[in-house]
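As a plain string of letters, each chain reads:
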Amino acid sequence: MNAAQTLGNLASLLVSGAVQVVDLSGPLGPDTPLLKLPPDFAKDTPKIEVHKISEYDKDGPFWAWNWLKIGEHSGTHFDAPHHWITGRDFADGFTDTIPVQNFVAPLNVIDCSAEVAADPDFLLDAAGVKAWEAKHGAIGAGEWVVMRSDWDKRVHDEALYLNADANGPHSPGPTVDCIEYILSRGALGWGTQCIGTDAGQAGGMQPPYPAHNLLHKANRYGLASLANLDKLPPKGAILIAAPLKLVRGTGSPIRAMALVPRS
Ligand code: 23J
Ligand code: MN
């Protein structure tokens, strides 16, 4: 089947509802949980602010609109290569220069929800990814790999979502060899349902924050705070995840969504 026919079929399937669109973004507003870095780094992303300009009143009798104060790395968001020092030199590593073809791609969903329920510091390693591939099929070049942890069920409560104690945050993520392995398969990027692409304890890994370090060194991308991965098949979905075209942006909130066959 040629591309035009296939796209035409997809159009029909979207209109009929045989292909459904699943919302993979969490709510974005003043209550959205935000990353808190260790105290040696004083600056964090400020809370989101929504400022009303008018709402059918003296400042705008017929119109409602707001202005926003919002960090690039807030809520469900995209990490661009320039976010990390290892990715600093890619001309196409900013939100406005990444080729848009990369914003629509096949999605592999690795379900770690049972492991994470038993241990919030659970780490997915390369052996775990290979075991998943043996069951569900190989991860192909140009495809996203995301870790399902069901951590989005905590997002209504920042303390529950960050899950920090005196030893720092406790949330799941990838090992160094996990990221090395998916990059060796040609993955487009790595996503999680937690505040960042790395595990809560990843500052102590070698290299520190390996998802950030290795993905962006390879000019690849990250996704954080994804929602509703429990509504997706392990393989077969198509992810649409596009950052705002922020000039020299290092990341951006996204409305992430997946195309899935109706079950
Ligand atoms: C800055 C420093 C460390 C981390 C992060 C940002 C993120 O997780 C992020 O949002 O990219 S770990
Ligand atoms: Mn980020």
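Quick note: structure is the one above.
An account of the accompanying structure is given in this report. Each chain has its residues counted from 1, following the order in which its sequence is written. Written order decides the labels, with chains lettered from A and ligands numbered from 1. Reporting in this predicted model follows two pLDDT cut-offs: at least 70 for local features of residues, and 80 or more for side-chain atom pairs to be given and counted; totals over whole chains, interfaces and linings ignore these cut-offs and use all residues. Derived side-chain values reflect all non-hydrogen atoms in the structure, with water molecules and hydrogen atoms excluded from consideration.

Some words on the site of ligand 1
Argument step 1. Around ligand 1 sit Leu35, Leu37, His73, His77, Asp79, His83, Trp84, Gly196, Tyr209 and His212, and that is every residue in its neighbourhood.
Argument step 2. A distance of 3.2 Å separates an oxygen atom of ligand 1 from a polar side-chain atom of Asp79.
Argument step 3. Note that an oxygen atom of ligand 1 is positioned 2.6 Å from one of the side-chain N or O atoms of His83.
Argument step 4. Charged means Asp, Glu, Lys or Arg here, nonpolar means Ala, Val, Leu, Ile, Met, Phe, Trp, Tyr, Cys or Pro, and polar covers whatever is left, Gly included. The residue makeup of the shell around ligand 1, split by class, is 4 nonpolar, 5 polar and 1 charged. Each residue is tested against the molecule or strand, and it is near if at least one of its non-hydrogen atoms lies within 4 Å. Here a polar contact means two N or O atoms within 3.5 Å. Within protein one must be a hydrogen donor candidate and the other an acceptor candidate, and residues neighboring in sequence count only if both atoms are side-chain atoms.

Considering helix H5 (residues 176-184)
Residues separated by three or four positions in an α-helix point in the same direction, a consequence of the helix having 3.6 residues per turn.
Argument step 1. A simple rule labels every residue: compare its accessible area, found with a 1.4 Å probe on the protein chains alone, to the largest value its type can have, and call it buried under 20%, exposed over 50%, or partly exposed in between. Secondary structure elements follow DSSP: runs of H or I no shorter than four residues count as helices, runs of E no shorter than two count as strands, and numbering proceeds from the N terminus. Along H5, the residues classified as buried are Val176, Cys178, Ile179, Tyr181 and Ile182.
Argument step 2. Taken together, the buried residues of H5 touch strand E6 (123-124), helix H3 (126-136), strand E7 (144-148), strand E10 (173-174), strand E11 (189-191) and helix H6 (210-217).
Argument step 3. Once H5 ends, the next one or two residues include Gly186, with phi positive near 90°. Pairs of residues are marked as contacts when any of their non-hydrogen atoms sit within 4.5 Å.

Regarding the coordination of the manganese ion (ligand 2)
Argument step 1. The rule for donors is simple: an N, O or S atom within 2.8 Å of the metal counts, and for Na, K and Ca the reach is 3.2 Å. Water is not among the atoms, so a site may look short of donors. For the manganese ion (ligand 2), every protein donor is listed as His73 (ND1), His77 (NE2) and Asp79 (OD), and the spread of their distances is 2.0 to 2.2 Å.
Argument step 2. The sequence pattern formed by the donor residues of the manganese ion (ligand 2) is H-x3-H-x1-D. The burial state of His77 is the same as that of Asp79; both residues are buried.

Digging into the packing of H3 against H5
Argument step 1. In this description, a line fitted to the C-alpha atoms serves as the axis of each element, helices being fitted only across the stretch in contact, and the angle between N-to-C directions of two axes falls anywhere from 0 to 180 degrees. Contact pair H3 / H5: the axes reach a minimum separation of 7 Å and the direction vectors enclose 45°. The pairing of H3 with H5 is recorded here as oblique in orientation. Contacts from Ala126, Val129, Lys130 and Glu133 in H3 reach Asp177, Cys178, Tyr181 and Ile182 in H5. Should an angle fall under 35 degrees it is called roughly parallel, over 145 degrees roughly antiparallel, and 65 to 115 degrees roughly perpendicular, with every other angle called oblique.

Topic: the sheet that holds strand E15 (residues 257-261)
Strand-to-strand pairing in sheets goes through backbone hydrogen bonds, with the strands running parallel or antiparallel.
Argument step 1. Should DSSP find at least two bridges between two strands, the strands are regarded as paired. Spatially, E1-E15-E13-E5-E7-E11-E12-E4-E14 is the arrangement adopted by the 9 strands of the open sheet, whose pairing is mixed. Here the strands that pair on one side only, and so sit at the sheet edges, are strand E1 (19-23) and strand E14 (251-253). Within the sheet, the average angular offset between the axes of one strand and its neighbour, ignoring direction, is 25°.
Argument step 2. Where E11 and strand E12 (residues 221-224) come together, 3 bridges link them in parallel fashion. Paired with Gly189 across the bridge in E12 is Tyr221.
Argument step 3. Across the sheet, H6 lies against strand E4 (77-79), E11 and E12, angled at about 145° from E12, the strand it touches most.

A look at the pattern of salt bridges
Argument step 1. The working definition used for a salt bridge is a side-chain nitrogen of Lys or Arg within 4 Å of a carboxyl oxygen of Asp or Glu. Tallied over the entire structure, the rule returns 12 salt bridges.
Argument step 2. When the shortest N-O distance is used, the salt bridge between Arg148 and Asp111 registers 3.2 Å. Within this pair, whereas Arg148 is found in strand E7, its partner Asp111 is found in strand E5 (residues 104-111), the two being separated by 37 residues in sequence.
Argument step 3. Take Arg148: its relative accessible area is 17%, and that puts it in the buried class.
Argument step 4. The exposure class of Asp111 is partly exposed, given its relative accessible area of 39%.
Argument step 5. Salt-bridge contacts for Lys235 lead to Glu143; the nearest nitrogen and oxygen are separated by 3.6 Å. One end of the pair, Lys235, is in the loop between E12 and strand E13 (237-240); the other, Glu143, is in the loop between H3 and E7, with 92 residues separating them in the sequence.

Observations regarding the packing of aromatic side chains
Argument step 1. Ring pairs are drawn from Phe, Tyr and Trp, using the six-membered ring of Trp, whenever the two centres fall within 6.5 Å, and their geometry is named by plane angle: stacked under 30 degrees, edge-to-face over 60, tilted for the rest. Applying the stated criterion to the full structure yields 5 aromatic pairs.
Argument step 2. Ring centres of Phe62 and Trp63 lie 6.2 Å apart, and the angle between their planes is 75°; on these two criteria the pair is classed as edge-to-face.
Argument step 3. For the ring pair Phe78 and Tyr221, a centre distance of 5.3 Å and an interplane angle of 35° mean the geometry is tilted. Of this pair, Phe78 sits in strand E4 while Tyr221 sits in strand E12, and the two are 143 residues apart along the sequence.
Argument step 4. Each residue in the set Phe78, Phe103, Trp144 and Tyr221 is aromatic and connected to the rest through ring pairs, giving one cluster.

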